[in-house]
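Notes for the structure review
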Amino acid sequence: MQVMYTNMITAIMVGLLGIALASELKFESNPSNIHPILTKTLQVRCAVKISSLRIQGSARLGHGFVDPSNAKIQQNATAIQRNNRTQNTTTSPTPHSQLLTGNQSTSTPPHVNDDVSHITSIIISKEVSGHKVTVASVTAFDSPSIESPFTGIVSVEGNSNTSPVTGEQGYLQLRWEEPLAREAGVYTCEVFGLNTDKHPVSLYDTVQVQSSEPTYTELIAYISAFDKALSELQKENKELRMFQSNITADISEMGTKLYNLTGPEIQTGRVSCLSTTVNFQSSFSKTPVVYVSLSGFRTSSSPTSGLIEASIRSIANSYFYLDCSMSGFYNTPTVSWIAIC
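Predicted model, so just to flag it, every value in this text is computed and none were measured.

**Quick look at the overall build of the protein chain**
Helices and strands together make up the secondary structure of the protein chain, namely 3 helices and 17 strands. When burial is assessed residue by residue, the protein chain has 29% of its 341 residues classed as buried. Long-range pairs, those at least 24 residues apart, make up 68% of the contacts in the protein chain between residues at least 6 apart in sequence. Of the accessible surface of the protein chain, which amounts to about 21000 Å², a share of 55% is contributed by carbon and sulfur atoms.

Below you can see the structure in the form of structure tokens.
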């Protein structure tokens with residue numbers, strides 16, 4: 001019977017209590033202290049995380065359902081009522097009149113927990129000469145953008161509706177490559193949106209990025225790490241050179257095998273029987289062997305005798321010299337040649 005009472009009370013509580021989304025603002029810098037030259041990257045990230053479900057409202061326990069002698073039920077009810085009073089006083093939505101403005105001082109106490117159902121914008125600004133200057137922003141209507149004079153100095157990414165990190169409603173992230181001392185300062189993240197009741201709400205936090213000259217120990221460590229990295233690169237370079245040499249040798253070997261597979265180079269042609277230089281269509285890789293033979297001739301109307309003499313005087317990679325003479329023919333005979341390498 002007591003179990004039935006407990007289940008009944010739980011159902012009544014769920015029906016009477018409102019459930020609201022509890023969001024938490026996380027604003028961090030990595031690293032928090034930059035050393036010019038030594039620090040390679042600086043990242044400032046503002047994200048809205050879903051921290052828990054929060055119970056709103058109050059629970060009234062009917063006398064017909066609660067057994068006054070059940071100490072456990074009374075203890076649970078008291079704890080829920082105490083939690084409600086705490087939530088109502090510490091995490092109630094920020095009134096519209098208290099929303100942050102662009103001129104608000106960074107001395108404003110952080111407000112990092114609230115009921116944020118929809119994010120309309122996330123803004124990261126930096127304090128410059130006592131004034132907040134917007135660095136970058138993202139809204140439900142616009143892509144992430146960087147404001148002047150930070151264009152070309154920092155990169156940005158973000159989304160007001162989603163995040164690549166599980167459990168985040170939205171985020172805005174800044175990244176500097178090779179950050180300088182000028183990147184140090186107080187940064188502010190402001191998140192504007194609506195709560196589950198469609199009332200305006202905001203979150204606010206600051207982070208300070210410091211800059212300092214590296215110590216002697218840090219410089220020694222940096223030089224040591226640089227020297228180690230250089231040694232590794234030199235080792236890798238040596239290995240790459242050896243690999244390149246092996247590849248070159250393999251290519252040469254493959255070329256030789258391909259030459260053997262494709263057979264010899266052969267070129268042919270015809271020329272008139274004259275003493276002349278005959279050029280090959282393309283140069284051979286080495287001096288070829290050349291053969292000549294009679295291709296055609298026509299004698300006179302009543303020949304008594306005829307003579308053709310053809311010989312090769314010299315051969316080079318790109319040509320050969322032909323000696324050819326004839327007598328007793330009506331026209332000049334032709335000579336065929338073949339060159340093989």
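**Details of the packing of aromatic side chains**
All told, the structure shown has 5 aromatic pairs when counted by the stated rule. Judged by centre distance (5.8 Å) and plane angle (40 degrees), the rings of F280 and F320 are tilted. Placement of the pair is F280 in the loop between β13 (276–279) and β14 (289–296) and F320 in strand β16 (residues 319–327), with a sequence separation of 40 residues. For the pair F280 and F320, a shared accessibility class is recorded, and that class is buried. Put simply, the rings of F280, F284, F320 and W337 touch in pairs and so form one group of aromatic residues.

**A look at the confidence of the model for the protein chain**
Looking at the protein chain as a whole, the pLDDT averages 78, with 72% of positions reaching at least 70. Strand β8 (residues 155–159) holds the highest mean pLDDT among the elements of the protein chain, 97, whereas helix α1 (residues 2–16) holds the lowest, 43. The model gives residues 1–17 a pLDDT under 50, and that stretch makes 23 contacts with residues more than four places away or in other chains. A low-confidence stretch, residues 57–106 (pLDDT under 50), is modelled with 70 contacts involving residues beyond four sequence positions or located in other chains.

**With respect to the state of the cysteines**
All chains considered together, the criterion is met by 2 disulfides. Here C46 engages in a disulfide with C189; their sulfurs sit 1.8 Å apart. Between C46 and C189, the disulfide has an S-S torsion of -75 degrees and is therefore left-handed. Of this pair, C46 sits in strand β3 (residues 41–56) while C189 sits in strand β10 (residues 185–194); the two residues are 143 residues apart in sequence, bridging distant segments of the chain. With relative accessibility at 1%, the residue C46 sits in the buried group. The disulfide that involves C273 links it to C324, with 1.6 Å between the sulfurs.

**With respect to the sheet that holds strand β7 (residues 145–146)**
Spatially, the 6 strands line up as an open sheet ordered β2-β11-β10-β5-β6-β7, and their pairing is mixed. Both outer strands of the open sheet, β2 (33–34) and β7, are each paired with one neighbouring strand and no more. In this structure, β10 lies alongside strand β11 (residues 200–211), joined through 10 bridges in antiparallel fashion. Each residue of the ladder has a partner; that of T188, found in β11, is T206.

**Overview of the side chain of E183**
With respect to the helices and strands, the residue E183 is situated in the loop between β9 (168–177) and β10. A polar atom in the side chain of E183 sits 2.7 Å from the backbone nitrogen of L180. In contact with E183, other than residues within four places in its own chain, are I34, L42, K126, I153, W176 and V209.

**A closer look at the sheet that holds β13**
Read across the sheet, 3 strands follow the order β13-β16-β15 without closing on themselves; strand pairing throughout is antiparallel. Strand pairing shows two members of the sheet lacking a second neighbour, β13 and β15 (307–315), which therefore form its edges. Neighbour to neighbour, the strand axes of the sheet diverge by 30 degrees on average, direction disregarded. Bridging between β13 and β16 involves 4 bridges; their strand directions are antiparallel.

**Focus: the pattern of salt bridges**
Per the stated rule, a full pass over the model turns up 7 salt bridges. Between R175 and E177 there is a salt bridge, with its nearest N and O atoms 2.8 Å apart. Between R313 and D323 there is a salt bridge whose closest N-O contact spans 3.1 Å. With R313 in strand β15 and D323 in strand β16, this pair connects stretches of sequence that are 10 residues apart. Residue classification places D323 among the partly exposed positions, given a relative accessible area of 21%.

**Concerning unusual backbone geometry**
Between N30 and the following residue, P31, the backbone shows a cis peptide bond with an omega angle of 0 degrees. Looking at where P31 falls in the secondary structure, it is placed in the loop between β1 (18–30) and β2. With an omega of 10 degrees, the peptide bond running from S148 to P149 counts as cis. Mapping P149 onto the fold places it in the loop between β7 and β8.

**Considering the environment of A181**
Within the secondary structure, A181 is located in the loop between β9 and β10. Note on A181: relative accessible area 46%, which makes it partly exposed. Residues A181 and I37 lie 144 residues apart in sequence; the distance between their C-alpha atoms is 9.6 Å. Not counting chain neighbours up to four residues away, the residues in contact with A181 comprise P36 and S211.

What counts and what doesn't
- Residues numbered from 1 in each chain as written.
- Predicted model: local features only at pLDDT ≥ 70, side-chain atom pairs only at ≥ 80, totals over all residues.
- Heavy atoms only, no water.
- Helix = DSSP H or I, 4+ residues; strand = E, 2+ residues; numbered from the N terminus.
- Buried < 20%, exposed > 50% of the residue type's maximum accessible area, 1.4 Å probe, protein only.
- Contact = heavy atoms within 4.5 Å.
- Areas by Shrake-Rupley, 256 points an atom, 1.4 Å probe, with all protein chains shown as cover.
- Phe/Tyr/Trp six-rings, centres within 6.5 Å; stacked < 30°, edge-to-face > 60°.
- pLDDT = per-residue confidence, 0-100.
- Disulfide = S-S within 2.5 Å.
- Pairing = 2+ DSSP bridges.
- Polar contact = N/O pair within 3.5 Å; in protein donor to acceptor, adjacent residues only side chain to side chain.
- Axes fitted to C-alpha atoms, helices over the stretch in contact; angles between N-to-C directions.
- Salt bridge = Lys/Arg side-chain N within 4 Å of Asp/Glu carboxyl O.

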